[in-house]
Amino acid sequence: MPSASLDRARLPRLTALAAVLLFGACPRPAPTRPAAVAQVAWGVDGRAALAGVAIVGDVGYLAGGRTLARVDGGAPTWSIDLPADGGAVAATDALVAVAVAGTGPLDGLPLGLRGEPGAAIIARAARDGAARWLVGVGATEWVTVRALVARGDGFALAGTFAGTLRIGDHVLTSAGSADGFWAVLGADGAVRTVHRMGGAGADAVAGIAGLADGTLAIAGTYAGPAELDDAALPALYDTDAADGFVAVVTDEGAMVWARTWGGPTGDACAGVVATADGVAVAGTVRGVADVAGRRVEARGAADGLVTYFDARGSVRATVIVGGADFDGVTAIAGHGDDVVVGGWFSGTLAGPAAALVAIGGDDPMVARVRPEGVVALTALASPGAATIPAIAADDRGWLVALTSATAARFADAAVPAGASARASRW
C-alpha cells in the first residue's frame, strides 16, 4: 500500500573524574577514504550509564543516574545532584535543561512526579548549575520524555504517555494504549503549547527538532490509523505493526506536511534532525519498506535507515546503515547534511573503508551519513554488554555517549568499563 502524504544509577561527581577532551582538527571525510567518526574525548568511570548528552561549542553536558554535569574543553566545571533519574539533555548558551523520570515527591512540584513513572524538566544556569525553573510532565498512568532540544532561548520536548497528561495548565488524554506528545517551553519555563498524536494503538513521538523557519519537526511511530492534532495519519498496512512518520508543524499544531514510512512487519523511529534543506529521520526497518512512495529493502533481518526529506517533504535520499545480519539505529544528531547515528550491528558490517566484525554478538556502532551514503563508520568493540545511548551535535561538532560493561575500544582508542563520552569536530 503506498505511503500516505499529507499537506497540512548515579554518575560520580566530575571532580572525581580524570577528564580529557581533545577536539583536534579532523578533515571532512571523503566517501572513499573516510576518517574515523570520533577522535579523543573525555572519559567517565560512570557507575551508571549515561542517558543524555548535549554539546555547545567546547562545552559538554552529561546526565545519568542522578547527576547532571558540565565539562568545558575537558575540564570539569560543575556537577549537581538530580532528584530523579536523568535522561535527555539540551542546552543554550544560558541554560541547560534535563528531563528526569521517577515516582514520588519532588520539591517544587505540589503533586510530585505523577505517573508510573512520571517526569519533569529541570533547568539550570549553564554557567554554574544554579537552579532556574522546574516544569512537571505528569500523567495518570505513565509518561516518558523521549527527546529534548534547545529552540531559540527555550526548549521543545517530545515523548509518550498513557492516560491523561498534564504539562503546566495544558491537559491531554490518550486515545489508545499510548499516544505521543510534544510541547514548547519558554526560556522562563512557561508552557507555550502542548499537542498530541495517536490513535487506538500504541503510538509515540521519538524525536523533535527546531527548523530555521520557526517550525518544528517531529518523528515517531504509530500503529493503525492515528491523528496528529487535527490531521489524519492513515494506516499503511492492515496490521497492528508500528510504522514511522515525520511531520513539520507550527507551534500552534498546524501541519505543514507529513510523510509516513514502514513495512508490514513493524519498524522503529530513532529521531529527527534539521538538515541544510529540510530534515533527516533515522529508524530501523525490516524487510521491504515504503518511504513516502520510495521502495527500500533491508539487507538483512533488520537495518538502520536514514531518510533525507527536503523543505517540501519530498524524499531527497535514503541511506541503509546495516548488513546481512540484524542491525539498527537508536540515536541521531546532525548539522547541515552531516548526520551521525548510533545503533548496533551483528556479524559483519561493510564500511566505506573496511568491514566491521562484531565481537560481542550485537556490537554498538556509530555511522556518519550524508545523502550520498555512509561516509564513516566505527564500532564500540566490546566483549560484554555495550550501548550507544545518546548522541548530540551543534554547528561545530558532535558528542556521543558510550557504555560498556567491560573495557572496550572505539575509533582505535581504549574505552574504560562504565560510561564515557567522545567528541569530534565536523
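Each residue is numbered by its place in its chain's sequence as written, counting from 1. A pLDDT threshold of at least 70 governs which residues receive local features in this predicted model, and a stricter bar of 80 or more applies before side-chain atom pairs are shown or counted, although totals over entire chains, interfaces and linings include all residues. Side-chain descriptors were evaluated using all non-hydrogen atoms of the structure, hydrogens and water having been removed beforehand.

Caption draft 1: Structural view of the sheet that holds strand S10 (residues 142-151). If you walk across this open sheet you meet the 6 strands as S10-S11-S14-S15-S18-S19, and the pairing is antiparallel. Of all strands in the sheet, those with a lone pairing partner are S10 and strand S19 (231-233), marking the two edges. On average, each strand axis in the sheet is inclined to that of its neighbour by 25°, with strand direction left out of account. Being paired, for any two strands, means DSSP has found at least two bridges between them. Think of it this way: any DSSP run of H or I at least four residues long counts as a helix, any run of E at least two long counts as a strand, and we number them from the N terminus. Where S10 meets strand S11 (residues 154-162), 9 bridges bridge the pair, whose relative direction is antiparallel. Bridging from a neighbouring strand, leucine 148 pairs with leucine 157 of S11. Helix axes are fitted only over the stretch in contact, all axes being lines through C-alpha atoms; the angle between N-to-C directions runs from 0 to 180 degrees.

Caption draft 2: Spotlight on the sheet that holds strand S12 (residues 164-167). A sheet is described by the order of its strands in space; here 6 strands give the open sequence S6-S7-S8-S9-S12-S13, paired in antiparallel fashion. Bordering the open sheet on either side are strand S6 (85-91) and strand S13 (170-173), each of which pairs with just one other strand. Across the sheet, the mean angle from the axis of one strand to that of its neighbour is 20°, orientation sign disregarded. The pairing of S12 with S13 spans 4 bridges and is classified as antiparallel. Directly across from leucine 165, in S13, lies its bridge partner leucine 172.

Caption draft 3: Main features of the pairing of strand S16 (residues 204-210). Relative accessibility decides the category of a residue: with a 1.4 Å probe and only protein chains considered, values under 20% of the type maximum give buried, values over 50% give exposed, and everything between is partly exposed. Buried residues dominate S16, accounting for 6 of its 7 residues. As judged from the 6 bridges shared by S16 and strand S17 (residues 216-222), these two strands associate in the antiparallel manner. The partner of valine 205 across the bridge, within S17, is glycine 220. A loop of 5 residues connects S16 with S17, the two strands running antiparallel in sequence, and glycine 214 in this loop sits at a positive phi of about 95°.

Scope: geometric values only; no functional claims are made or implied.
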